[in-house]
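The residues making up each chain are set out below.
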Amino acid sequence: MHYARKGVITEEMTFVALREKIEPELVRSEIARGRAIIPANIHHKSLEPMGIGVAFKCKINSNIGNSATTSNIDEELKKLHHSVHYGADTVMDLSTGGDIPTIRKAIIQASPVPIGTVPIYEALSRVKRNEDLTIGIMLEVIEEQAEQGVDYMTIHAGVLREFVPLVRNRITGIVSRGGALLAQWMNAHKKENFLYEHFDEICKIFKKHDVSFSLGDGLRPGCLADASDAAQFAELKVLGELTTKAWEHDVQVMIEGPGHIPMDQIEMQVKKEMELCHEAPFYTLGPLVIDIAPGYDHITSAIGAAMIGWHGASMLCYVTPKEHLGLPNAEDVKQGVIAYKIAAHAADVARGIVRARAIATMRSPTRDFSLTGTSSLNCRSIRKRRVPCTMKRCRMISTKTRSSVRCAAQNSAR
């Protein structure tokens, strides 16, 4: 953002322009005004820069990560490979247990796409009780993750003490893990959210390592009945204030959005975010448009994702069939990514993204989709040509089998 504001077009901006098939000056100007970001930590050596913003193609994120009782490094690398192989533009490591730094290091080293985290998860693993969290521990974790190469971090700095009573009449209360933890901490200590009070210190760490903010929606609605309530929009207003504060430090920002929203409120949600958060990129979980389909929420949310992408969301966080039920395995990751690639492409077509419309027109006469054969659904309708997969895990497989492993979901425009 610093260089963009000075009128300098960096190598990263040029690379993104080539991928998006737009002029480098448009990339620079969008970043300068805060309407787009390029999450690219200076320590993430294997990264291929990508852009998130309304002027670019709609992006998708895949969530992976282990718990204290399930998964391991190999399993998480398999999920990472599935994520990138089937078209995820970024990946978040949401590990909550085990050797979190070691798992994250392996993921960052193997990943050509930006990696995001929620640092409060690791901070909690360093204390016995939630109430024992301190800003010192949080800043230590944030600095360590930034040094390791994390490209963007979810920071729930908009959950203020005065907003907690606003959720008492909700059906589902606070469903965000980060939001709930901070609400519990504030109630126990009778103090304000330490992430809000020390936001400038976090900005300085982010600026030092070129980490982007993903300002967390800690008070997002967990069911349709709670959508668009006072708590949600009170937090969103604060996120807008924090956005301008981060921009004062030349730190890039995107805003996380709601999880459960009825279809008739989706456009309003986007307009509200753009108004209160100064058009910073909107990064949304779904949204799920109904509450009654556990096991199929990758479908219910992809409907909302396509709509919110059409209305202006810049990145869609996928939902897998395991949403609300358990941790996703590699197959769940695959199903979630495929559903969201379709949703994002539908949004691009509706928004008039030239390349998406051209591909949609080009593919219409042949329609060679096969919903029962994964090889024909590896986003070939969205990609023009195949190239060898650049993922390290693919290279490991290639070495073992002595054959080239090709990735139908990757090409020079990834």
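Residues numbered from 1 in each chain as written. Predicted model: local features only at pLDDT ≥ 70, side-chain atom pairs only at ≥ 80, totals over all residues. Heavy atoms only, no water.

S.K.: When you look at the packing of helix α7 (residues 135-148) against helix α10 (residues 199-209) in this model, what are you seeing that I'm missing?
M.R.: How two helices sit against one another is set out by the angle between their axes and by the gap between those axes. Interaxial distance between α7 and α10 falls to 10 Å at its minimum, and their mutual angle equals 10°. As summarised for this structure, α7 and α10 are arranged roughly parallel, according to the angle between their axes. Mapping the contact onto sequence places L139, I142, E143, A146 and E147 in α7 and E201, I202, I205, F206, K208 and H209 in α10. Here the contact of α7 with α10 is composed, by residue class, of six nonpolar, one polar and four charged. (Axes fitted to C-alpha atoms, helices over the stretch in contact; angles between N-to-C directions. Helix = DSSP H or I, 4+ residues; strand = E, 2+ residues; numbered from the N terminus. Parallel < 35°, antiparallel > 145°, perpendicular 65-115°, else oblique. Contact = heavy atoms within 4.5 Å. Nonpolar A, V, L, I, M, F, W, Y, C, P; charged D, E, K, R; others polar.)

S.K.: Is there a simple way to explain the confidence of the model for the protein in this structure?
M.R.: As a note on interpretation, predicted positions should not be read in detail where pLDDT is low. The predicted model of the protein has a mean per-residue pLDDT of 88, with 85% of residues at 70 or higher. Low pLDDT, under 50, characterises residues 366-388; the stretch is placed with 47 contacts to residues that sit more than four places away or in other chains. (pLDDT = per-residue confidence, 0-100.)

S.K.: Can you help me understand the packing of aromatic side chains in this one?
M.R.: Within a pair of aromatic rings, the relevant descriptors are the distance that separates the centres and the angle that separates the planes. As enumerated under the stated definition, the model contains four aromatic pairs in all. Taken together, a centroid distance of 6.4 Å and an interplanar angle of 90° make the contact between Y152 and Y283 edge-to-face. Within this pair, whereas Y152 is found in strand β6 (residues 152-155), its partner Y283 is found in strand β9 (residues 282-285), the two being separated by 131 residues in sequence. Neither residue differs from the other here; Y152 and Y283 are each classed as buried. Measuring from ring centre to ring centre gives 4.8 Å for W185 and F194, while their planes differ by 85°; the resulting arrangement is edge-to-face. Each of the two residues, W185 as well as F194, counts as buried. Members of the aromatic cluster, joined through ring pairs, are F199, F206 and F213. If you follow K272 out to its NZ or CZ, it ends over the ring of F233, 5.2 Å from the centre. (Phe/Tyr/Trp six-rings, centres within 6.5 Å; stacked < 30°, edge-to-face > 60°. Buried < 20%, exposed > 50% of the residue type's maximum accessible area, 1.4 Å probe, protein only. Lys NZ or Arg CZ within 6 Å of the ring centre and 35° of its normal.)

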